[in-house]
Amino acid sequence: MEIIEIRNLSKTYNPKTIPVHAVNQVNLTFKEGEFTAIVGASGSGKTTLLNMIGGIDNPSEGEVCIASNNLTNMSETQKTKFRRDHIGFVFQSYNLLPVLTAIENVEFIMEMQGRPVKERHSRSKELLSAICLSNRLHSRPGKLSGGQQQRVAVARALAHKPKFVIADEPTANLDSRSTADLLDIMVKLNEQEGITFIFSTHDQRVVDRARRVIVFEDGSVKEDYNK
Amino acid sequence: MNQLIKLAWRNIWRKKRRSVITMLSVIFAVVISVNFRSLQWGAYDKMIEAGTKNSGYLQVQSQDYWEDKSINELIEDHVNFRNQISSVPGISSVIPRLQNFSLAASESSSKGALVIGIDPESENQYNELNSRVIKGSYLSENENAVIIAEGLSNYLKLKVNDTLVLVSQGYHASIAAGKYPIKGIVKLPNPQMNRMTAYLPLTTAQAFNGAEGLVNAFMLNVSDRTQVNATQLMLQDQLGPAYAIMRWDEMHPEIQKSINTDTTIATLLLSALYLIVGFGIIGTIVMMALERKREFGMLQAIGLQKSQIQTVILLESLMLGVIGVILAWLIAFPIVNFMHNNPIPLTGEGAKSFEAMGVEPVIQFAIKPHLFALMGLIIFLIMLVASAFPLTMIRKLKMSEVIK
Ligand SMILES: Nc1ncnc2c1ncn2[C@@H]1O[C@H](COP(=O)(O)OP(=O)(O)O)[C@@H](O)[C@H]1O
Ligand SMILES: [Mg+2]
């Protein structure tokens, strides 16, 4: 089943001065449970694309539909609520709130949604055990390594069972060992939970782990294949 | 909401040093300003006390008395009328007076004097005139005797048991004249009063002025000074338009004026203090906001509404302010309380300037809850103003630009 449909999606920065066509007439669909890497050189438009899919940035043209909800028609407030309830995010860095412990960070969105404490606790413990951080539940991000922080970010993105998770270069700041660990975890959770992952990278070792690869060049899809 | 409060609380301890400095500056400003104003209010209270000792907080007069202070504008002193006055809530005592200007003379010299007819007992209950007697003794009711102020006695070279001659124009142009043995000498704190005052028992003064059963004013004491305006209105209502009800500040415009001048200067000084502290706080909060731009973007991306992020920031500022203000109160109150209970007597030049105003020369803080509240409110406002920058920043924030 398709959960994301992108039609004629374009983004032009500085349209009035020196226009930059960061994303150009892109058409894509993503199915439930997919594990997709968007690959491309720096500046090819990966972040711009992911931000539009996630409702963080507005397209100049075209539309993004998520489970038949057209993001393009939503107000800022509606979009923010939609992101909270249906999308998980992992950024390159600064994902976590430094004043909350690992488990509090994982529970954060569920708490904002007003989910019961019991449900939050069992869900976050389950995830923290899945990312092998059961022993660091009460550590604040400052006391965790970069790799551990990214794992907590993945757990947070998944905690409220969103329709999909967007991860923009989640391994860019990690060494190869942590990169491999993070991917192991992403693959495992994708399989266990059936939640769609879309992540961008320009690291070949990361691309190798994806089941679908979209190659991006100058804001357009150059290749799109399943392995 | 709980979640946002928790977040705000944790955030203020994130940069401990910075928060502590912000709180210390709040504490500094509030403690200084509360103490400074309590000191000044202590002096104001002393001035008001000195003034009202000789006028009451309110006076009932004939409608036309105040303008000319004419001996012809008198009112009748009836028990019923006194009862009518004291039935008004907030009035704690009613003290009759009949005063008139007169020529006071001894064998060798003469001088203008203010001759005040008093009810010795109620007068003393209200302002302890008895305790001001330095030679001889205090008056008793109906007797044919006078007590005179120290300055007047010196000028006229009169001692206790000498005779004072008073001559004046009495009620309805009658000739007022009398000879009174001096029963006592009083030292009045107000130097001007000390040079010119003589006290007769009320009935003696009425006889002297040819104004039997008449007084020029009832001085009133009130149970709550802060309610004096309301009491004035109620009394006016009760007595009707034939009577003028004067408030202490109407009778002593000079006191109100000097309090106002002093307050203006204090306001300027404290504004400068709060301005400095305020800019420090604003700077800190602006810095905090700029440092956390990316965090705000991240929060919005993962699903916090801008209004929720703004709530967190506002809570952080208010918490800092509230903690600072509460600590400041806890520090300031014992100091003010101590300085209230342990007045410091002044000596030398300082004492003289107090005495010149007829005010007891001591430094005694006043305990005024409104000062504590006011300084807290100022901090609250500073915190709101300081939050304006981060709140605006969050409103204008473009997530896609900050979370790169
Ligand atoms: N806010 C912006 N204003 C102007 N140009 C931008 C902005 N953000 C990105 N770009 C440009 O858009 C293109 C795509 O950027 P981006 O989506 O960040 O690529 P990638 O994530 O693949 O590195 C680049 O040429 C970049 O310089
Ligand atoms: Mg990028």
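What counts, and at which threshold
Residues numbered from 1 in each chain as written. Chains lettered and ligands numbered in written order. Predicted model: local features only at pLDDT ≥ 70, side-chain atom pairs only at ≥ 80, totals over all residues. Heavy atoms only, no water. Pairing = 2+ DSSP bridges. Helix = DSSP H or I, 4+ residues; strand = E, 2+ residues; numbered from the N terminus. Axes fitted to C-alpha atoms, helices over the stretch in contact; angles between N-to-C directions. Near = heavy atom within 4 Å. Polar contact = N/O pair within 3.5 Å; in protein donor to acceptor, adjacent residues only side chain to side chain. Nonpolar A, V, L, I, M, F, W, Y, C, P; charged D, E, K, R; others polar. Phe/Tyr/Trp six-rings, centres within 6.5 Å; stacked < 30°, edge-to-face > 60°. Buried < 20%, exposed > 50% of the residue type's maximum accessible area, 1.4 Å probe, protein only. Left-handed = near helix turned anticlockwise from the far one by under 90°. Contact = heavy atoms within 4.5 Å. Domains from an automatic or database assignment. Buried area = accessible area lost by both parts, 1.4 Å probe. Salt bridge = Lys/Arg side-chain N within 4 Å of Asp/Glu carboxyl O. Core = buried A, V, L, I, M, F, W, Y, C linked by side-chain atoms within 4.5 Å.

Digging into the sheet that holds strand S8 (residues 196–201) of chain A
All names here are of chain A.
Alright, step 1. Taken in spatial order, the six strands make up an open sheet running S6-S7-S8-S3-S9-S10, and their pairing is mixed. Of all the strands in the sheet, just strand S6 (87–90) and strand S10 (220–226) have a single pairing partner and so form its edges. When strand polarity is set aside, the average angle formed by the axes of neighbouring strands in this sheet is 15°.
Alright, step 2. As judged from the five bridges shared by strand S7 (residues 164–168) and S8, these two strands associate in the parallel manner. Residue pairing across strands places Val165 opposite Phe197, the latter belonging to S8.

What to know about the site of ligand 1
Alright, step 1. The environment of ligand 1 is formed by 13 residues, the closest being Gly43(A), Gly45(A), Lys46(A), Thr47(A) and Thr48(A).
Alright, step 2. Bordering ligand 1 are residues originating from chains A and B.
Alright, step 3. Contact distances for ligand 1 include 3.2 Å between an oxygen atom and a backbone N or O atom of Ser44(A).
Alright, step 4. Between ligand 1 and Lys46(A) there is a distance of 2.9 Å, counted from an oxygen atom to a backbone nitrogen or oxygen.
Alright, step 5. Elements represented by at least two residues in the shell around ligand 1 include exactly strand S2 (20–31) and helix H1 (46–53) of chain A.
Alright, step 6. For the shell around ligand 1, the class distribution of residues is four nonpolar, seven polar and two charged.

Some remarks on the packing of aromatic side chains
To describe a pair of aromatic rings, one takes the distance between the centres and the angle between the planes.
Residue and element names in this part refer to chain B.
Alright, step 1. Under the definition given, this model contains nine aromatic pairs over all chains.
Alright, step 2. Ring geometry for Trp9 against Trp13: centres 5.6 Å apart, planes inclined by 75°, an arrangement best described as edge-to-face.
Alright, step 3. Judged by its relative accessible area of 42%, Trp9 falls in the partly exposed class.
Alright, step 4. Judged by relative accessible area, Trp13 falls into the partly exposed class, the value being 29%.
Alright, step 5. Between Tyr180 and Phe208 the ring centres are 6.2 Å apart and the planes differ by 80°, which places this aromatic pair in the edge-to-face class.

A closer look at the packing of helix H2 (residues 16–53) of chain B against helix H13 (residues 306–341) of chain B
All names here are of chain B.
Alright, step 1. Following both chains from N to C, one finds H2 and H13 inclined at 40°, their axes separated by 8 Å at the closest point. As H2 packs across H13, the resulting crossing turns out to be right-handed. For the pair H2 and H13, contact is made by Ser19, Thr22, Met23, Val26, Ile27, Val30, Val31, Val34, Asn35 and Ser38 and by Leu320, Gly321, Ile323, Gly324, Val325, Leu327, Ala328, Trp329, Ile331, Ala332, Ile335 and Val336, respectively.
Alright, step 2. Of the residues that constitute the contact of H2 with H13, the class distribution is 16 nonpolar, six polar and no charged.

A word on the domain arrangement of chain B
Residues and elements named next belong to chain B.
Alright, step 1. Once the domains are mapped, chain B shows domain 1 (2–51 + 255–402) and domain 2 (64–240).
Alright, step 2. A C-alpha centroid distance of 48 Å is found between domain 1 and domain 2.
Alright, step 3. Taken together, the contacts link seven residues of domain 1 with four residues of domain 2.
Alright, step 4. Of the roughly 350 Å² buried where domain 1 meets domain 2, counting both sides, 49% is carbon and sulfur surface.
Alright, step 5. On inspection of domain 1 and its partner domain 2, the count reaches one salt bridge.
Alright, step 6. For Arg225, the salt bridge goes to Asp45, with nearest N and O atoms at 3.1 Å.
Alright, step 7. For the side of domain 1 that touches domain 2, the secondary structure elements donating two or more residues are H2 and helix H14 (348–356).
Alright, step 8. Among the elements that line the side of domain 1 that touches domain 2, the one with the most residues is H2, at three residues.
Alright, step 9. Here the residues of the side of domain 1 that touches domain 2 sort into three nonpolar, one polar and three charged.

So, the nonpolar core
Alright, step 1. Judged by nonpolar contacts, the single largest core of 83 residues is most densely connected at Ile4(A), Leu49(A), Ile53(A), Phe108(A), Phe164(A) and Val30(B).
Alright, step 2. Element by element, the count of residues in this core is highest for H13(B), at twelve residues.
Alright, step 3. In contact with Phe164(A), not counting residues within four places along its chain, are Ile3(A), Ile4(A), Ile53(A), Ile66(A), His86(A), Ile87(A), Gly88(A), Ile195(A), Thr196(A) and Ile198(A).
Alright, step 4. Counting 55 residues, the second largest nonpolar core, distinct from the first, contains Tyr44(B), Ala176(B), Phe208(B) and Ile259(B).

Here we look at the interface of chain A and chain B
Alright, step 1. Each side of the interface is counted separately: chain A has 28 residues, and chain B has 21 residues.
Alright, step 2. Across the chain A/chain B interface, buried area totals approximately 2200 Å², and carbon plus sulfur atoms make up 62% of it.
Alright, step 3. The largest contributions to the chain A side of the interface with chain B come from Val99(A), Phe108(A) and Met112(A), which together make up 23% of the buried area.
Alright, step 4. Joining chain A to chain B, the criterion identifies three salt bridges.
Alright, step 5. One salt bridge connects Arg10(B) with Glu104(A), and the closest N-O pair in it is separated by 2.7 Å.
Alright, step 6. At the boundary of chain A and chain B, one finds five residue pairs in polar contact (both at pLDDT 80 or more).
Alright, step 7. Looking at the side of chain A that touches chain B, the elements that each hand over two or more residues are helix H2 (76–86) and helix H3 (102–113) of chain A.
Alright, step 8. The element contributing the most residues to the side of chain A that touches chain B is H2(A), with six residues.
Alright, step 9. Class assignment for the residues of the side of chain A that touches chain B results in twelve nonpolar, seven polar and nine charged.

As for unusual backbone geometry
All names here are of chain B.
Alright, step 1. Despite not being glycine, Glu128 has its phi angle at roughly 50°, a positive value.
Alright, step 2. Topologically, Glu128 is positioned in the loop between helix H5 (120–127) and strand S5 (133–136).
Alright, step 3. Positive phi values are uncommon outside glycine, yet Asn142 reaches one of about 65°.
Alright, step 4. As for its placement among the helices and strands, Asn142 is situated in the loop between S5 and strand S6 (146–149).

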